[in-house]
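Given next are the chains, with one letter for each unit.
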Amino acid sequence: MLVTASSEPGSPDAPNEDAFFVSPNGDTVAIFDGATARTSTGCTHGVAWYTHSLAGALASHIRLAPAKALAAAITDTAARHRHTCDLAHPGTPSAAVGIVQARRKTLRYLLLGDVTLALDLGHGIRVVTDNRVHATASAERQAADQLPSGSPEKAQALVRMKQAELTARNVAGDLPLQHLQQAALLSDGAARAVDPFGLCDWQGLLAILAAHGPGELIRQVRTAEATDPAGIRWPRNKIHDDATAILIQQRSQTG
């Protein structure tokens, strides 16, 4: 597979809590989107450390199927800070995850949380994400959206929302690799280009990635964020979010 990726923090003053991994031959690709800490975490390292540790740990397990590789990476990362941090703390660092793996003529994927996978299958676009985390906290999210960004009331509402989101599950599947034309794996900060910003549809997003690269997609997202600095036109809990976009193409389709 031919893989092109870009990742940028939402603010130059904060570490990027997104991380990604691409195997040397491009057959395994992953995004880790850290869950923003709204309370204490019991961890001395922080969310960015956690996501980048997961990405690094995944490299040792890419021969495994996505679910087993992720489980092994989580175990390895837990072992790295088990003796210094309280891993039983309810706010311990966590992440949304997307893993795509091309093996034996099959494309396998695993999505945990709000990472999005857009698949161009030649006859149409299939979009896959695990949005149950949002459905779980829909009332809390709506309440948070109504409050002004940066206010104490907003901060308290975001804590309530995060507590309601703790029951996220995952979505997995596979498809014949021969059907794949190209795919995009996106953290929710990059997927904003489609929802809520409406800069393009999913076909258009893939076209931007293919023609101009992931960096251009993120640039367009940043421009849209800047036009709505108070989150009024597009209510959202982070005015500028970390954003990661990965384009995956069949090598036969690129040249």
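Everything below is about the structure shown above.
The structure contained in this document is the topic of the report that follows. Because the structure is a prediction, the values reported are computed rather than measured. (Residues numbered from 1 in each chain as written. Predicted model: local features only at pLDDT ≥ 70, side-chain atom pairs only at ≥ 80, totals over all residues. Heavy atoms only, no water.)

**Describing the nonpolar core**
Point 1. The biggest cluster of nonpolar side chains holds 22 residues, and the ones touching the most others in it are Ala184, Leu186, Trp202, Leu205, Leu209 and Leu217.
Point 2. Among the secondary structure elements, those contributing two or more residues to this core are strand 9 (182-186), helix 6 (188-191), helix 7 (202-212), helix 8 (214-226) and strand 10 (243-249).
Point 3. In terms of residues, this core owes the most to one element, helix 7, which gives 5 residues.
Point 4. Contact partners of Trp202, with chain neighbours within four places excluded, come to Thr116, Ala118, Ile125, Val127, Leu186, Ala191 and Val194.
Point 5. In terms of nonpolar packing, the next biggest core, distinct from the first, is built from 21 residues, Ile31, Leu111, Ala183 and Leu185 among them. (Core = buried A, V, L, I, M, F, W, Y, C linked by side-chain atoms within 4.5 Å. Buried < 20%, exposed > 50% of the residue type's maximum accessible area, 1.4 Å probe, protein only. Helix = DSSP H or I, 4+ residues; strand = E, 2+ residues; numbered from the N terminus. Contact = heavy atoms within 4.5 Å.)

**Examining the sheet that holds strand 8 (residues 170-176)**
Point 1. Strands sit in the order 2-3-4-5-8 across an open sheet of 5 strands; the sheet is antiparallel. A single partner strand is all that each edge strand has here, and the edge strands are strand 2 (18-22) and strand 8. For this sheet, the mean angle separating the axes of adjacent strands, direction not counted, is 5 degrees.
Point 2. The pairing of strand 4 (residues 95-103) with strand 5 (residues 106-112) spans 7 bridges and is classified as antiparallel. Counterpart to Val97 in the pairing with strand 5 is Leu112. (Pairing = 2+ DSSP bridges. Axes fitted to C-alpha atoms, helices over the stretch in contact; angles between N-to-C directions.)

**Focus on helix 1 (residues 47-58)**
Point 1. Taking 1.5 Å per residue, 12 residues should reach 16 Å; helix 1 reaches 17 Å between its end C-alpha atoms and fits that length.
Point 2. On its buried face, helix 1 is in contact with strand 2, strand 3 (28-34), helix 2 (66-81) and strand 4. (Expected span 1.5 Å × (residues − 1).)

**Some words on helix 7**
Point 1. Residues Trp202, Leu205, Leu206, Ile208 and Leu209 constitute the buried set of helix 7. On an axial view of helix 7, the arc spanned by its buried residues comes to 155 degrees, and they lie on one face. Opposite its buried face, helix 7 presents the exposed residues Ala211 and His212, each directed more than 90 degrees away.
Point 2. Residues of helix 7 that are buried make contact with strand 6 (116-120), strand 7 (125-129), strand 9, helix 6, helix 8 and strand 10.
Point 3. Once helix 7 finishes, Gly213 follows within two positions and takes phi at roughly 95 degrees, a positive value. (Arc of directions from axis to C-beta.)

**Examining the packing of aromatic side chains**
Point 1. Counted according to the given criterion, the structure contains 1 aromatic pair.
Point 2. Centroid distance Phe197 to Trp234: 4.5 Å. Interplanar angle 50 degrees. Geometry classified as tilted. Note that Phe197 is positioned in the loop between helix 6 and helix 7 and Trp234 in the loop between helix 8 and strand 10, a separation of 37 residues in sequence.
Point 3. Overall, the relative accessible area of 10% leaves Trp234 in the buried class. (Phe/Tyr/Trp six-rings, centres within 6.5 Å; stacked < 30°, edge-to-face > 60°.)

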